[in-house]
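Per-entry structural report
Chain by chain, the residues:
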Amino acid sequence: MNAWCKILVSGACLASVSSACTIETTGDDETETDGTAGNGGNAGAGGSGGGTTASGGSGGMAAAGGSGGSTTGGSTTSGNGGAGGSTTGGSGGVGAGGTAGTGGTGGQASGPGMEAPPDFVAPTCDSDEALADVSSDLTLTAGNCYRVEGTVTVSATLTIEQGVTIVMGEGAALEVLDEGVLIAVGTASEPITFTGSLEEPGHWRSVDILSPSPDNRLEHVQFAYGGSEKRCCDAYLEATMVLVDEARVSIQDSVFAFSGGNGLDVLGASTLTDFSGNLFLKNEGAPVRVSANLVGALDSGSNYLGDPATPNGEASIEVQGSAIDDDATWPWTNLPFRSREGLEVGAATLTLSAGVSVQFDDDTGLFIGEEGTLVAVGDAETPIKLAGAIDEQGTWRGVLVSSNDRNNRLAFVEIANAGQEEWCCDAGRQVAALLLEYDAKLGVEDTTFRDSGGYGLHALPGSVLAPFARNHFSGNAESAVILNASSVAQLDSASTYMGDNVNDRVVVIADTVTEPGTWPALDVPYLFLDEATIDTDVSIAPGARLSFDADAGLWVGIEGSLSAISDAGDIRFEGRVDQAGYWLGIGFESASELNVFDGVTIDGAGSGSWCCDASRQAAAILLESSSRVTVKNSTLSRSSGWGIFAVSDALEVTQSDNTFEDDALGDVQLPE
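Residues numbered from 1 in each chain as written. Predicted model: local features only at pLDDT ≥ 70, side-chain atom pairs only at ≥ 80, totals over all residues. Heavy atoms only, no water.

**Considerations on the overall build of the protein**
Along its length, the protein carries 0 helices and 61 strands. Sequence separation of 24 or more characterises 58% of the internal contacts of the protein that already satisfy a separation of 6 or more. Accessible area of the protein: about 24,300 Å², with a carbon and sulfur share of 44%. (Helix = DSSP H or I, 4+ residues; strand = E, 2+ residues; numbered from the N terminus. Contact = heavy atoms within 4.5 Å. Areas by Shrake-Rupley, 256 points an atom, 1.4 Å probe, with all protein chains shown as cover.)

Dropping the structure here:
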């Protein structure tokens with residue numbers, strides 16, 4: 001028995017050209033008289049499990065998946081879905097009684113919109129006629145067999161009818177040139193087959209479709225044992241069994257199996273007018289390699305995984321190039337996409353469907369340009385995953401958003417293993433899984449940032465996180481978030497910033513806050529790296545903890561106000577290092593009646609006097625000329641200067657029921 005007779009592919013026996021294998025084409029029940037469940041047939045859409053006992057019968061081994069017994073379904077799933085193939089999981093038992101998403105063992109064989117792929121039907125040959133160059137319209141008649149030796153070119157219309165088998169000699173190729181057309185339309189029961197004269201991967205070269213004709217069509221076509229080498233002579237080409245290059249073609253219900261390289265390459269300025277219901281099986285390279293601008297033409301109903309027990313050599317859909325210049329929706333597929341060169345979204349909208357997984361190679365990332373838009377919305381059951389091809393911390397750059405389109409959105413997304421290095425070429429950019437450029441806009445909800453080689457998120461000044469809710473940061477080499485003081489109010493308390501990050505805190509870079517808001521209480525402290533200025537109304541939420549680096553502090557300008565009120569007395573201002581006089585303190589130039597501290601602890605301030613007025617002295621709270629503040633029910637401790645110091649012409653200091661502990665120069669110095 002030859003190689004094809006020994007392999008079950010989604011329920012069909014791959015028979016040899018010499019018809020040495022008998023194929024059953026139905027999948028009827030085998031009903032047992034003793035009440036136990038029978039098994040479905042092996043071919044076609046898969047038989048239904050017989051019997052009525054609780055054990056059920058296993059579904060047919062067809063890709064469509066058989067339905068199980070009346071109680072529990074197939075042998076490896078419960079409910080409605082059959083096993084979808086007793087060893088491979090098929091396409092998840094979809095079709096004859098299965099439900100999407102119930103795939104058998106061995107891999108992610110089904111998912112949103114997944115349909116049953118075609119079977120590989122055994123070819124038969126009634127004749128063995130050599131095929132020469134096609135320079136005038138030619139039809140290969142149904143049921144016949146043809147032979148290709150060397151390279152055969154097609155410069156006219158070549159029509160191939162159902163049931164035709166084309167046997168490709170060693171290294172042979174069929175090239176459909178610019179002026180040529182290939183119309184190959186088989187049926188489910190009588191597919192067209194391209195196979196090798198020897199049944200071994202890489203025996204023949206390829207079918208190359210180089211024609212822009214809208215009439216090019218592949219339907220119910222089987223390709224096996226090609227992919228010996230790449231077509232001469234472009235460096236971007238790889239060994240593949242079917243090449244579509246700057247061409248237009250429809251590919252439906254077709255099979256790509258046992259290639260010595262990739263199963264299918266769709267490259268350059270090509271167009272897939274239709275792509276649906278295809279199967280990729282045991283190719284030694286990738287099942288599909290496709291231009292970044294064409295990924296949206298793929299479908300969820302094709303089976304890119306093939307047989308999980310003996311998968312394709314590359315367990316991903318290879319994405320060539322980086323430019324995405326046309327609006328596209330990337331579908332869920334049962335293999336991840338792998339970007340070798342990174343992705344750049346220009347004047348286009350990239351939409352990632354729920355469940356999409358994109359892997360990125362070393363030193364690559366996803367860049368959303370100023371005119372681009374990213375919409376990545378998953379759900380709790382089928383999140384979107386953006387990750388490194390290697391599941392280790394910091395193995396790709398991450399996501400950079402420069403666009404200010406209000407439609408930019410991440411929801412139920414995982415960004416993993418990013419933060420390899422900073423993006424060129426702005427020194428202000430920090431290494432982070434997600435970087436928001438100046439004035440960029442992005443909504444981020446229910447998103448996980450894990451195992452970044454730097455920060456989880458860096459938001460540059462002027463960027464807008466709207467909304468920002470219920471996100472999670474864990475395992476990042478730096479802090480969860482780094483952003484400017486002007487962006488702090490955009491964070492939310494429902495997110496978790498503490499998750500085994502090397503530094504569990506939110507890092508705040510000093511700038512001037514001009515938009516009013518509340519700084520929320522987080523599960524980690526804020527760390528202010530320098531002196532931030534508040535020129536608007538800012539409030540501090542109860543429970544918030546603000547820590548400050550050496551000589552850092554807050555300055556409330558003439559137009560600003562700062563209120564920190566907590567009935568529980570749990571708002572804290574403190575130094576990053578637990579020592580007296582470590583940070584500068586809080587200074588007021590504002591006369592607003594909203595300047596209130598109530599239920600606050602200010603510890604370890606007074607590291608020096610504020611620049612640049614000799615009348616100012618070191619203090620936890622400093623009042624400048626014509627400023628006012630109310631301080632009550634608070635604790636001011638371990639200042640290297642005063643607890644509260646007001647210059648001679650300060651407007652008003654109201655203080656009561658406060659506790660002063662170990663302030664070096666005294667508790668309060670008020671104007672006379």
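So, next bit.
**Structural notes on a negative patch on the surface**
On the surface, Asp178, Glu179, Asp234 and Glu246 cluster together to form a negatively charged patch. Mapped onto the fold, glutamate 246 is located in the loop between strand 15 (240-245) and strand 16 (248-252). Judged by its relative accessible area of 52%, glutamate 246 falls in the exposed class. (Patch = residues over 30% accessible without salt bridge, like charges linked within 9 Å, V, L, I, M, F, W, Y side chains within 5 Å. Salt bridge = Lys/Arg side-chain N within 4 Å of Asp/Glu carboxyl O. Lys, Arg positive; Asp, Glu negative; His and termini not counted. Charge placed at Lys NZ, Arg CZ, Asp CG, Glu CD. Buried < 20%, exposed > 50% of the residue type's maximum accessible area, 1.4 Å probe, protein only.)

**Digging into the environment of lysine 282**
Residue position: lysine 282 is located in the loop between strand 20 (279-281) and strand 21 (288-291). Within the local environment of lysine 282, its side chain forms a polar contact with the side chain of threonine 310, the two groups lying 3.3 Å apart. (Polar contact = N/O pair within 3.5 Å; in protein donor to acceptor, adjacent residues only side chain to side chain.)

**A few points about the state of the cysteines**
A covalent bond bridging the sulfur atoms of two cysteines is what the word disulfide describes. In this structure the tally under the stated criterion is 2 disulfides. One disulfide in the model links cysteine 232 with cysteine 233; its S-S distance is 1.3 Å. Taking the sign of the S-S torsion, 50° for the link of cysteine 232 and cysteine 233, the bridge is right-handed. Residue class for cysteine 233 comes out exposed when judged on its relative accessible area of 58%. (Disulfide = S-S within 2.5 Å.)

**Some thoughts on the pairing of strand 46 (residues 531-534)**
Pairing between strand 43 (residues 512-513) and strand 46: 2 bridges, direction parallel. If you follow threonine 512 over to strand 46, its bridge partner there is threonine 533. Of the strand pairs in this sheet, strand 46 and strand 49 (residues 553-556) are connected by 4 bridges, and their pairing is parallel. What sits directly across from isoleucine 534, in strand 49, is valine 556. (Pairing = 2+ DSSP bridges.)

**Observations regarding the packing of aromatic side chains**
Applying the stated rule across the entire model yields 19 aromatic pairs. Look at phenylalanine 194 and phenylalanine 223: their rings are 5.1 Å apart centre to centre, the planes differ by 15°, and that puts the pair in the stacked class. Placement of the pair is phenylalanine 194 in strand 11 (residues 192-196) and phenylalanine 223 in strand 14 (residues 221-224), with a sequence separation of 29 residues. Residues phenylalanine 367 and tryptophan 423 carry aromatic rings whose centres are separated by 6.4 Å and whose planes lie at 40° to one another, so their mutual orientation is tilted. (Phe/Tyr/Trp six-rings, centres within 6.5 Å; stacked < 30°, edge-to-face > 60°.)

**Section: the confidence of the model for the protein**
Per-residue confidence for the protein gives a mean pLDDT of 85; residues scoring 70 or more make up 81%. Counting contacts from residues 1-117, a segment whose pLDDT is below 50, to residues more than four positions away or on other chains yields 293 contacts. (pLDDT = per-residue confidence, 0-100.)

**Details of the pattern of salt bridges**
Taken as a whole, this structure holds 29 salt bridges when the rule is applied. Taking the shortest distance from any N to any O, the salt bridge between glutamate 445 and arginine 409 comes out at 3.4 Å. Of this pair, glutamate 445 sits in strand 36 (residues 441-445) while arginine 409 sits in strand 33 (residues 409-411), and the two are 36 residues apart along the sequence. You can call arginine 409 partly exposed: its relative accessible area is 35%. Salt bridges sharing common partners tie together Glu314, Glu318, Arg338, Arg340 and Asp361.

**Notes on the sheet that holds strand 14**
The strand order 3-5-8-11-14-17-20 describes an open sheet built from 7 strands, whose pairing is parallel. What marks the edges here is a single partner per strand, and that holds for strand 3 (129-130) and strand 20. Pairing of strand 8 (residues 165-168) with strand 11 involves 4 bridges; the strand directions are parallel. Each bridged residue has a counterpart across the sheet, and for methionine 168 the counterpart in strand 11 is glycine 196.

**Considering the sheet that holds strand 36**
Strand order across the open sheet formed by 6 strands is 24-27-30-33-36-39, with parallel pairing between neighbours. Each having just a single partner strand, strand 24 (328-330) and strand 39 (464-469) make up the two edges of the open sheet. Across this sheet, the average inter-strand angle for adjacent strands is 10°, counted without regard to direction. Where strand 30 (residues 373-377) meets strand 33, 3 bridges bridge the pair, whose relative direction is parallel. Following the sheet pairing, alanine 376 is matched in strand 33 by leucine 410. (Axes fitted to C-alpha atoms, helices over the stretch in contact; angles between N-to-C directions.)

**Concerning the environment of phenylalanine 337**
Within the fold, phenylalanine 337 resides in strand 25 (residues 337-339). By relative accessible area, phenylalanine 337 is classed as buried at 0%. In this structure, the C-alpha to C-alpha distance between phenylalanine 337 and valine 295, residues 42 residues apart in sequence, is 8.9 Å. In this structure phenylalanine 337 touches Val295, Leu298, Ile317, Val319, Trp330, Pro331, Val356, Ser357, Val358 and Gln359, once residues within four positions along its chain are discounted.

**Topic: unusual backbone geometry**
A cis amide bond links cysteine 232 with the next residue in sequence, cysteine 233, at an omega value of 15°. With respect to the helices, strands and loops of the structure, cysteine 233 is situated in the loop between strand 14 and strand 15. In this chain, cysteine 424 is followed by cysteine 425 through a cis amide linkage whose omega measures 10°. The topology assignment puts cysteine 425 in the loop between strand 34 (413-416) and strand 35 (432-436). Phi angles above zero are rare outside glycine, and histidine 220 is one such case at about 55°.

**A few points about the environment of glycine 454**
Looking at the secondary structure, you find glycine 454 in the loop between strand 37 (448-450) and strand 38 (455-459). Residue classification places glycine 454 among the buried positions, given a relative accessible area of 2%. Along the sequence, glycine 454 and alanine 418 sit 36 residues apart, while their C-alpha atoms lie 8.0 Å from each other. Those residues within four positions of glycine 454 in sequence are excluded, and the remaining contacts are Gly419, Val431, Asn476, Ala477, Glu478 and Ser479.

**Side note on the side chain of threonine 240**
Tracing the backbone through its elements, the reader meets threonine 240 in strand 15. Its relative accessible area of 2% is what places threonine 240 among the buried residues. Among the polar contacts made by the side chain of threonine 240, one reaches the main-chain carbonyl oxygen of asparagine 262 at a distance of 3.3 Å. Among residues more than four places away in sequence, those in contact with threonine 240 are Arg205, Ser206, Gly227, Glu229, Ser259, Asn262, Gly263, Leu264 and Asp265.

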